[in-house]
Structures are given as C-alpha cells and as structure tokens.
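As a plain string of letters, each chain reads:
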Amino acid sequence: MIYSVIVDISASEVDRIFDYKGEGYKVGTRVLVDFAHRKTEGYIVSVKETTDYDPSKIKEIIHPLDDFEAISKDLLELGEFMRREYHLRWVDVLRLFIPAEMRGNRVKVLSKKQICLATNDSLDVILSSLKPNATLQRDLVTFLYLNGATLAETLNNEFSYATVKALVSKGILEEHEIVIRRTPYKDLKVASADKKVLLDFQQRAVDTVLSDRKGKYLLHGVTGSGKTEVYLTIMEQIVAEGKTCIMLVPEISLTPSMLRQLRERFGDTVALMHSGLSIGERYDEWLRLKNGEAQIAVGARSAVFAPLQNIGAIIIDEEHDSSYISDFNPRYNTAEVANFRAEQNGALLLLGSATPNLGSYYAAKQGKLKLIEMPQRINQKPLPKVEIVDMSLETRRGNRGVFSNVLKQRLAETLEKGNQAMLFLNRRGYSSFLMCTKCGYVAKCADCDVSLTVHREDNMLKCHYCGKHYYMLNKCPECHESSFRMGKIGTQQVVQLLNEMFPNVTVLRMDADTTQTKESHAKILEAFRKGEAQILVGTQMIAKGHDFPKVTLVGILDGDQSLHHSDYLATERTFQLITQVAGRSGRNEDTGTVVLQTYTPTHYCLQLAAKQDYLGFYKREISLREASAFPPFAEIVRILYQGEKENDCIDELTEHYAELSNLKGEYSASFYYMDKMRCPLKRAEKKYRFQILLKLNKDALEEVLPRIHSICDDKKRSSVQVFVERNPQSLS
Ligand code: ADP
Ligand code: ZN
C-alpha cells in the first residue's frame with residue numbers, strides 16, 4: 001500500500017504530502033519515516049493503491065510510533081476544514097490534535113510498584129508458614145489479606161521494604177509494575193456532590209437545549225444566573241445517553257471553583273485539558289479521553305480538539321472571551337471549529353455568556369442560533385448597584401489620587417461590615433512608564449516600541465510585550481539629570497496605597513506577576529475565599545467566573561482604560577469587561593455595590609454597562625457597526641508583515657499591495673476599504689511591523705480570500721513573515 005504522510009518538520013516551508021510504502025497501517029497513525037536522509041516523525045493522512053511517483057524510489061515506513069491511531073478520521077476531516085478555512089499548513093493543524101509531548105517521544109509512562117499476596121490460601125494457612133515472632137511479616141501479610149494489592153509507597157509508611165523483600169523471596173508476596181494515570185487536581189476537596197434543584201428558568205433552558213440534539217443555541221444569562229448548573233445538567237444527560245461532551249472555558253486554571261464542581265459532579269468521567277498541567281498529566285488526560293475512560297473534556301480553547309468520538313454536546317462558556325481566537329500560528333476561531341465538530345458529530349452546540357459577542361447575538365437575532373435568555377440572578381438577588389464617579393470632577397476638587405472619595409468611603413464601609421472587596425485595574429506593575437522631567441525621555445524596550453513599566457518589588461523596568469528586564473534608571477541616559485515622573489498607577493502601587501490606608505487589612509494581588517507558578521492562581525483565590533484577606537486587587541484575571549459570596553464591593557479604578565483604543569472592538573471589550581467585573585459583586589448575601597471610576601462618565605458604553613443593559617448596548621453598537629460596515633456586516637482582513645529588516649518588509653508589502661490593487665479592480669464592489677500602513681505597535685521583539693488592512697463584503701469572501709492567500713503565499717523574502725488574519729482581535 002501507499003501511504004500519504006505529512007512529515008513533522010516545522011522550520012521548513014514544506015506543506016506537502018509525501019508517499020511511503022508499507023502494509024497494515026491505519027490512517028491517522030504516527031510513523032517514523034526517512035525524510036531527506038533523516039529519521040523524521042510523520043502522520044499518515046491517507047492511503048491509496050498507486051502513486052504517481054516512481055515506485056522504486058518510494059521508501060518504506062520505518063515503524064509506527066504508537067500502537068493506536070493518534071488522530072481519528074473525524075479530526076483529519078476537521079484538519080481539512082481548518083486548512084481550507086484558515087489557510088494553515090497540514091503539520092501545524094495536526095500538531096493541534098495531539099499533546100505536544102507525544103512528539104519527539106517525550107512522554108514518560110508513570111508506573112509504580114504494587115505488592116500483593118502470591119497465593120489464594122486463607123490467612124491462617126499463610127500465617128502458619130511464618131515464625132510466631134516475625135511480627136512485622138505477620139502484620140504485613142494480614143494487612144494485604146485485608147486490603148488487597150497496595151502500592152509499595154503506601155506500605156512503606158508502615159512496613160520496611162526489607163520486610164516486603166523477605167516475603168517476596170519466600171514466595172508469599174509478589175511485586176508488579178502498574179501504570180498509573182496521573183489525575184490533575186485530584187486533591188481538590190470534593191464535598192458531597194450537592195446537586196442543586198434547577199430553578200424554573202434554568203430547567204426551561206435545559207429543556208430547550210435538549211429538545212433538539214442537533215441545535216445551535218446562544219444562552220444569554222446575566223452574571224450569577226446559574227449558567228454553570230445548566231451546562232452541567234445538559235452534560236449529565238448527554239453522558240447518560242452514552243455520548244461524550246466538550247466544555248470550553250476561558251483560562252480554566254483561573255477557576256478552581258469550576259474544577260471543583262466538575263470533579264464533584266462527574267468524578268473521573270471528566271478529563272482536563274489545559275496548559276497548567278504537567279506533561280505527564282496532560283498526556284494521561286488525553287489518553288483517557290481517547291480510549292473512552294473519560295467522556296467529558298473540559299479545558300481552554302485547545303480542548304475543542306479533544307480526541308472524543310460520538311460527541312453529543314459542545315459547550316462554550318463565556319463565549320465572548322478573546323482567548324477563543326488564536327492570534328498566532330495556527331490562527332483559528334474556536335467557535336467555528338466547534339461548529340464544524342458539532343455538525344460532523346450531529347451534536348448540539350451551546351454558546352453561553354452574560355455579554356455575548358455582538359456577532360453571536362446578531363446571528364441569534366437572524367435565527368442562526370436559538371436564543372435562550374436568563375435575565376434574572378439566582379435567588380432574585382438584584383444586580384449590583386453601580387455608582388459612576390467622574391474622575392475629572394474629583395481632580396478639580398483636589399483629589400489627585402487613584403481612589404475617589406466615594407470609593408474610599410465604600411471600602412471603609414465594606415471592611416467595617418466584615419465583607420470583602422475586589423479592586424480591578426488592568427495594568428500590572430507599579431507604574432506604566434518612567435519619564436525624565438527635564439528632557440522628556442521615556443524609557444523604552446530596545447526590541448519593542450513599548451515604554452517600560454516600573455516594577456517596585458524587584459526594582460526593575462520591564463517590557464510587558466516581550467518580557468525583557470532592565471535595571472532601574474538612576475539618571476536619565478539622555479540629559480543625565482535624575483528627576484523622573486512616573487506614569488499611570490499599576491496594581492503593585494494600588495496594593496501599596498491600600499496598605500497605607502488600611503494598615504490592619506490584608507490585601508492580595510492577582511496578576512501575571514503573582515501567578516507565575518502552576519498553583520498560584522488557585523492559592524490566591526482560595527485564600528481570598530477563605531477570608532484570609534479582605535481585599536483582592538487584580539487585572540482581568542479577577543473578572544471571570546469567580547463566585548465569592550462575601551464580596552459586596554467591586555471598584556473599577558480605570559473604566560476608560562480599554563475604551564479609547566482605535567480598535568473597532570474597543571467599546572465591545574470595555575462593555576464586556578466592566579459587566580463581568582461588576583458581576584462579581586453581591587452574588588450572595590448582601591446586595592453588591594460597584595464603583596466605576598472614569599473620565600468619560602457619560603459615554604454610552606459605561607452608562608449601559610453600569611445598568612448591565614446588554615440589549616441596550618447591543619442595539620446601539622450593532623447599528624454603529626452596520627452604518628460603518630464593520631463585522632458582523634463586513635469582514636476585516638489584515639495582512640501583517642514582520643521582519644528585522646525594515647526595508648524588506650516595506651518591499652514585500654509594496655509588491656503585494658500592487659497585486660491586491662489589481663484584485664480590488666476586479667472585485668471593486670466587494671472592497672469597502674484597503675490601505676497600507678505601519679502598525680500602531682511599530683516594532684516588537686526586534687521586528688518591524690507593517691500591515692495592509694482590507695474591509696470586504698462578506699458575500700465576496702469565498703472568492704476573494706483564496707486570491708488574497710495566493711498573493712501572500714508568493715512571498716519573495718525569507719526575512720519577512722506574512723500573516724493573513726480574518727477579523728483579528730487586535731489591530732495593534
Ligand atoms: P453564572 O455562571 O451565570 O454567572 P453561576 O453558575 O456561577 O452563574 O451561579 C451563581 C450561583 O448560583 C452559584 O453560587 C451557584 O452555585 C448558584 N446556583 C446555581 N443554580 C442554582 C440552583 N438551582 N439553586 C441554588 N443555587 C444555584
Ligand atoms: Zn520588549
């Protein structure tokens with residue numbers, strides 16, 4: 001037989017199928033082949049009888065790499081779709097489907113020694129063969145008789161290995177190596193699974209979704225309306241019917257409470273897929289899904305590629321979250337991939353959010369998704385009351401600090417009552433930049449067009465783009481004066497100020513700097529939940545999904561921060577973020593309060609977010625998008641050029657632009673807009689950045705997009721990277 005193999009080489013630009021000979025292989029198997037005189041891993045993607053190449057030159061597959069097909073037929077089909085849709089190389093797609101550590105054979109199977117009795121004799125008989133004074137040996141035999149086979153490491157707590165050895169040599173005990181599956185978060189405290197009785201509106205949502213098992217749904221439920229319970233109930237039903245489920249959540253490692261609920265409800269039926277796991281855990285969880293030991297895959301966006309068969313439901317929680325769009329190679333849109341897998345498996349697709357993506361809500365209004373609304377909070381808890389504070393008024397009144405008087409007062413009241421507060425500021429570090437007051441010099445990263453953030457804890461300047469560290473400046477490198485002014489306040493400084501203001505109060509901080517180790521997210525959140533601290537300060541990490549009963553105050557320190565980006569998504573993002581953050585307040589006992597500080601208090605986005613008025617926001621924003629022809633009414637395509645040689649980038653771009661102009665001539669009605677420019681972020685990680693922006697009529701996309709791809713494939717300079725992005729999440 002002839003097998004078509006994709007070789008697993010990334011550096012090269014090869015995206016071709018190579019033919020190899022062999023017998024008895026199945027499509028989807030990983031194999032070792034000889035490629036350009038090197039032993040290389042590859043994937044069999046199809047099989048055929050004959051080949052167009054000279055059969056005598058076709059090499060034999062060396063051997064398979066696993067004793068199963070790593071990639072199922074379904075996933076190969078999905079791969080074809082992704083290649084077409086996102087213009088990806090085969091190898092980049094295939095790599096998404098297996099745990100990275102399978103490549104290069106980096107998975108270690110975990111095995112442990114287990115000890116058991118070697119005979120089926122009764123206890124009396126065995127004991128009679130031992131000396132009466134061999135107490136330890138007798139105890140050990142009795143223990144194993146009563147408890148059955150036990151891991152050696154467990155026995156070693158009480159019995160020495162010498163005792164075990166002695167009995168093994170007498171033929172009374174046996175040792176075995178057994179394979180251990182690593183289960184992440186095994187130790188999460190599992191309370192008795194308290195299954196909640198669904199409220200009417202939750203039950204209705206469940207019934208609607210289950211009424212059409214191939215349907216596509218958008219669940220719009222305000223924060224705290226109990227969406228999670230709806231998801232869990234649906235999955236329970238689907239699994240009971242013998243099918244499997246995928247549930248996607250943004251950054252699952254941030255939500256240990258979600259993990260706890262899943263373990264409580266589903267035990268070992270659920271497997272977790274996310275980057276916080278160790279290599280071994282990740283592989284074992286993948287394998288448990290692959291061979292049917294687990295039926296539910298939960299994880300961040302990559303869990304959409306879970307190796308499941310017979311999928312009955314795919315659920316995307318917080319579907320508006322930008323982490324569902326991969327914005328580096330391989331670029332893909334998780335919801336579109338999920339949609340393909342759902343159709344392929346005849347599964348239902350459920351998107352859920354308190355603040356749906358405008359595109360999703362529009363699709364629902366158009367009847368492409370069935371809309372389910374849950375407008376109330378569980379237990380009728382009112383949505384938190386939001387006070388908008390005009391910070392320019394505050395400044396005029398002489399308060400130049402980061403906390404408005406209202407916020408200070410509310411903080412004091414909250415602490416007084418023994419409740420907790422969360423303060424949100426999407427800027428980590430101590431302050432956003434360092435500027436010389438004499439000459440205006442601003443410290444910047446040598447590799448990126450980004451000003452450096454001051455970090456006080458280690459007294460460093462850091463680039464938040466590439467992560468590079470620099471020593472703190474004593475003197476201005478330009479004018480040698482040493483008088484500096486600092487930029488906007490970051491989370492570190494907020495904590496410092498709180499410590500000064502409330503010396504007896506414990507403050508925790510959660511941002512990328514405090515969460516560098518695997519468990520640190522969970523630790524901070526657990527400590528806060530247990531009441532070990534009264535205030536939690538954080539970046540957008542604290543916005544999502546957390547459910548802290550004692551939090552009655554949320555302070556949003558800089559509500560404008562993401563509002564005034566030039567991006568067309570800026571308002572939508574800000575609305576979502578503020579609604580989500582505000583939703584953390586008052587979820588249980590007392591009514592919650594939110595203090596929203598801003599310099600543009602009358603902006604519709606903030607006004608509507610304060611009222612948690614999604615529909616009002618949707619109406620306003622969608623008509624703006626329509627009037628200005630932005631998604632979902634048009635398609636934005638950005639072609640990004642990056643390279644260390646500025647002129648090469650410009651030359652490459654100019655050549656493509658000329659060809660694109662011809663294309664525009666051919667399809668003039670479909671091009672709303674086309675222009676070339678430097679990116680707002682001019683340079684990053686030593687590379688210059690340029691872009692061509694196109695705005696296209698959606699109807700023309702099918703014809704025009706492949707033409708754009710082929711223009712961009714015709715790249716002349718190896719020094720320039722070219723990426724084509726559709727509706728990118730950021731235009732920076
Ligand atoms: P959402 O995801 O919509 O913001 P959650 O799923 O976090 O909301 O639910 C909010 C709170 O309500 C959680 O503490 C959850 O345990 C609780 N809850 C959900 N459904 C029920 C129910 N049927 N009965 C009692 N409590 C519930
Ligand atoms: Zn940098």
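About the criteria used
- Numbering of residues starts from 1 in every chain and runs along the sequence as written.
- Written order determines the labels here, with chains lettered from A and ligands numbered from 1.
- For this predicted model, a pLDDT threshold of at least 70 governs which residues receive local features, and a threshold of 80 or more governs which side-chain atom pairs are given and counted, while totals over whole chains, interfaces and linings are taken from all residues.
- Hydrogens and water molecules were not included; the side-chain quantities draw on all heavy atoms of the structure.
- Here a strand is any run of E in DSSP of at least two residues, a helix any run of H or I of at least four, and the numbering for each starts at the N terminus.
- As defined in this context, the radius of gyration uses C-alpha atoms, and a globule is described by 2.2 Å times the residue total to the power 0.38.
- Note on contacts: a residue pair qualifies if any of its non-hydrogen atoms lie within 4.5 Å across the two residues.
- A 1.4 Å probe and the Shrake-Rupley method give the accessible areas. Residues count as covered only by the protein chains that appear here.
- Coordination here is defined by N, O and S atoms within 2.8 Å of the metal (3.2 Å for Na, K and Ca), and since water is not considered, a site can look incomplete.
- The geometry test gives tetrahedral to four donors whose angles all lie between 85 and 135 degrees, gives square planar to four donors and octahedral to six donors whose opposite members are over 155 degrees apart with all other angles between 65 and 115, and gives irregular to the rest.
- Exposure is judged per residue with a 1.4 Å probe applied to protein chains only, and the accessible area is read against the type maximum: over 50% gives exposed, under 20% gives buried, and values in between give partly exposed.
- At least two bridges found by DSSP between two strands is the condition for calling them paired.
- When the centres of two rings from Phe, Tyr and Trp lie within 6.5 Å, Trp using its six-membered ring, the rings pair. Their planes under 30 degrees apart give stacked, over 60 give edge-to-face, and anything left gives tilted.
- A positively charged side chain is recorded as over a ring if its NZ (Lys) or CZ (Arg) lies within 6 Å of the ring centre. The angle to the ring normal must also be within 35 degrees.

Asker: Help me understand the overall build of the protein chain, please; the structure alone is not making it clear to me.
Answerer: Helix and strand content of the protein chain: 21 helices and 32 strands. Here the C-alpha radius of gyration of the protein chain, 30 Å, is about what a compact globule of 732 residues would show, namely 27 Å. Summarising its shape, the C-alpha atoms of the protein chain cover approximately 95 × 80 × 65 Å along the three principal directions. Considering only contacts within the protein chain whose residues lie at least 6 apart along the sequence, 75% involve residues at least 24 apart. Counting every atom, the protein chain has about 33,400 Å² of accessible surface; 49% of that belongs to carbon and sulfur.

Asker: I keep staring at the coordination of the zinc ion (ligand 2) and nothing clicks. Help me out?
Answerer: In an ideal octahedron of six donors the angles at the metal are 90 or 180 degrees, and in an ideal tetrahedron of four donors they are 109.5 degrees. Coordination of the zinc ion (ligand 2) by the protein comes from Cys445 (SG), Cys448 (SG), Cys463 (SG) and Cys466 (SG), over a distance range of 2.3 to 2.4 Å. In this structure, the zinc ion (ligand 2) is surrounded by four donor atoms whose angles at the metal cover 103 to 113°, and the resulting shape is tetrahedral. Within one chain, the residues donating to the zinc ion (ligand 2) are spaced in sequence as C-x2-C-x14-C-x2-C. Residue cysteine 445 is found in the loop between strand E20 (434–436) and strand E21 (453–455), and its partner cysteine 463 is found in the loop between strand E22 (460–462) and strand E23 (469–471); the two are separated by 18 residues along the sequence. Assessed through its relative accessible area of 6%, cysteine 445 is described here as buried.

Asker: Just to check I follow, could you spell out the pairing of strand E4 (residues 38–48) for this structure?
Answerer: Each regular strand carries side chains that alternate between the two faces of the sheet. Here strand E1 (residues 2–7) pairs with E4 via six bridges, running antiparallel. Its bridge partner being in E4, serine 4 is matched across the sheet by serine 46. Connecting strand E3 (residues 30–35) to the antiparallel partner E4 that follows it, the hairpin turn spans two residues, and alanine 36 within it adopts a positive phi of roughly 50°.

Asker: Looking at this structure, how should I read the packing of aromatic side chains?
Answerer: Aromatic ring pairs are defined here through the distance separating the ring centres and the angle between the ring planes. Tallying each qualifying case throughout the model produces 18 aromatic pairs. The structure contains a cluster of three or more aromatic residues connected by ring pairs, namely Tyr361, Phe575, Tyr604, Tyr614, Phe617 and Tyr618. Its end group placed over the ring of tyrosine 604, arginine 620 keeps NZ or CZ at 4.1 Å from the ring centre. Above the ring of phenylalanine 630, the side-chain terminus of lysine 695 is found at 3.8 Å from the ring centroid.

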